[in-house]
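Tertiary structure, described
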Amino acid sequence: MKKDLPDEFCQLIRQQLPPEEYQQFILALQEDPVCSVRLNKMKPADIFPQATPVPWCSQGRYLPVRPSFTLDPLLHAGCYYVQEASSMFISHLIKQYVSGCPPLTCLDLCAAPGGKSTLLLDYLPAGSLLIANEPIRTRANILKENIIKWGSPHVILTSNYPSDFSPFHSCFDLILCDAPCSGEGMFRKDPDSIAQWSMKNVLHCQERQRQIVTDIWDTLRDGGLFIYSTCTYNHFEDEDNVQWICDTLGADTLPLCDQPEWGIRNGHFFPHRTRGEGFFVAIIRKRGDGRRKEIDTKKLHKHLTILLEGTEKTKITDKHRTPQPSISEALSYATDKSRWTQAQLSHHEAVRYLHGEAIQLPPHITERGYILLTYQGHPLGFCKNIGTRANNLYPSEWRIRKQV
């Protein structure tokens, strides 16, 4: 389907690209988007045999065709995350600049739906703590689901605005700000974003992005790293903002990579150069040399709205009753699964379970109580065997609606 692009947008891109590249760019926007996933190294599974590697991300894979992800139990088990390939470049920056470092305290400031947070959890130095934040509660709930499915215990999920973090001066070694933007990089995947684009919105986004960075800047320690990214092409939200951060707040940009064959230039991912969607990223070091201040857990609870803290544990309210285990206990790779009797489901049974339907347990499972259900060895969640039937305990808000 031919996409009619706004005239002002085309004029901006003409200023940024040589004439021959501009035509290649316009043609690339008419092509189908690339499909890619990132594998969970802590939940290895034999999946996507026809996939090819994303060159800048060791766990990233390009898929030749887009499957029905919704009906794949391994997606819901957290074995992989459907993520745009360009944004996986964050993993290269982490490996380039913090590999071999001691544990870090990090903040993903605008984290929903969770792609970059789950990536950070995989690539940060061992023992690091990530605070994944999303101010909009509906989006924060999606973030919570995806983080729980990924299974890492080294994360705290908050739902706050950047200014709410002001009490945590110099507490972060690394902040990732994937800033809300005009969404130009989504034109190929989401044609509706074309109709929503305007130069007025670009300038509005630029001001909002600067305010977000200003509100959070003092929480980054001197010498700390700030990763700024958008899914845009225009210089107002990208290069101009990075220069403004450096000049106004006191920082210096760092080199991105030494792989010109990847097609990345000045932090930009254009679809005619790189196999992925539109994306911009810069890594910035705050001037100065200072040590991080430790975060007091009590202070976190006092100033922030915490939605998840590590792996949620079963809360025992009645010593005479067996408490219901949480879904995060089932999906976390840090919990001991041997505590529960397990039942392996077929694909058909697993999809029924994810729909919220009743489950028929194998005849050999006679134990009453909570049963951990798995698919290809990977936990999906719990049911409760009461003898005559097994009650489905999969969270109602997570249940899939799409039919086979």
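Notes on the structure in this doc start here.

Conventions and cut-offs
- Residues numbered from 1 in each chain as written.
- Predicted model: local features only at pLDDT ≥ 70, side-chain atom pairs only at ≥ 80, totals over all residues.
- Heavy atoms only, no water.
- Phe/Tyr/Trp six-rings, centres within 6.5 Å; stacked < 30°, edge-to-face > 60°.
- Helix = DSSP H or I, 4+ residues; strand = E, 2+ residues; numbered from the N terminus.
- Buried < 20%, exposed > 50% of the residue type's maximum accessible area, 1.4 Å probe, protein only.
- Polar contact = N/O pair within 3.5 Å; in protein donor to acceptor, adjacent residues only side chain to side chain.
- Contact = heavy atoms within 4.5 Å.
- Salt bridge = Lys/Arg side-chain N within 4 Å of Asp/Glu carboxyl O.

1. Overview of the packing of aromatic side chains
Inspection of every chain in the model, using the stated rule, returns 20 aromatic pairs. Plain terms: the ring middles of Phe 89 and Trp 262 are 6.3 Å apart, the flat faces sit at 85° to each other, and that makes the pair edge-to-face. With Phe 89 in helix α4 (residues 89-98) and Trp 262 in the loop between β10 (251-253) and β11 (268-269), this residue pair connects regions lying 173 residues apart in the sequence. Overall, the relative accessible area of 0% leaves Phe 89 in the buried class. Arranged with centres 5.4 Å apart and planes meeting at 65°, the rings of Phe 89 and Phe 269 form a pair that is edge-to-face. Remark: Phe 269 occurs in strand β11 and Phe 89 occurs in helix α4; sequence separation between them is 180 residues. Summarising the burial analysis for this pair, Phe 89 and Phe 269 share the class buried. An aromatic cluster is present here, built from Phe 9, Phe 25, Phe 187, Trp 197, Tyr 233 and Phe 270 joined pairwise through their rings.

2. Quick look at the side chain of Ser 328
One can find Ser 328 in helix α11 (residues 327-331). Looking at Ser 328, its side chain comes within polar contact range of the side chain of Ser 326, at 3.2 Å. Not counting chain neighbours up to four residues away, the residues in contact with Ser 328 comprise Ile 148, Thr 311 and Glu 312.

3. As for the pattern of salt bridges
Tallying each qualifying case throughout the model produces 15 salt bridges. Here Glu 21 makes a salt bridge to Arg 273, at a shortest N to O gap of 2.9 Å. In this pair, Glu 21 sits in helix α2 (residues 19-29) while Arg 273 sits in the loop between β11 and β12 (279-286), placing the two residues 252 residues apart along the sequence. One salt bridge in this structure joins Glu 31 and Arg 188, with 3.8 Å as the shortest N-O distance. Of this pair, Glu 31 sits in the loop between α2 and β1 (35-39) while Arg 188 sits in the loop between β8 (172-178) and α7 (192-196), and the two are 157 residues apart along the sequence. Residue class for Glu 31 comes out partly exposed when judged on its relative accessible area of 45%. Judged by relative accessible area, which is 5%, Arg 188 ranks as buried.

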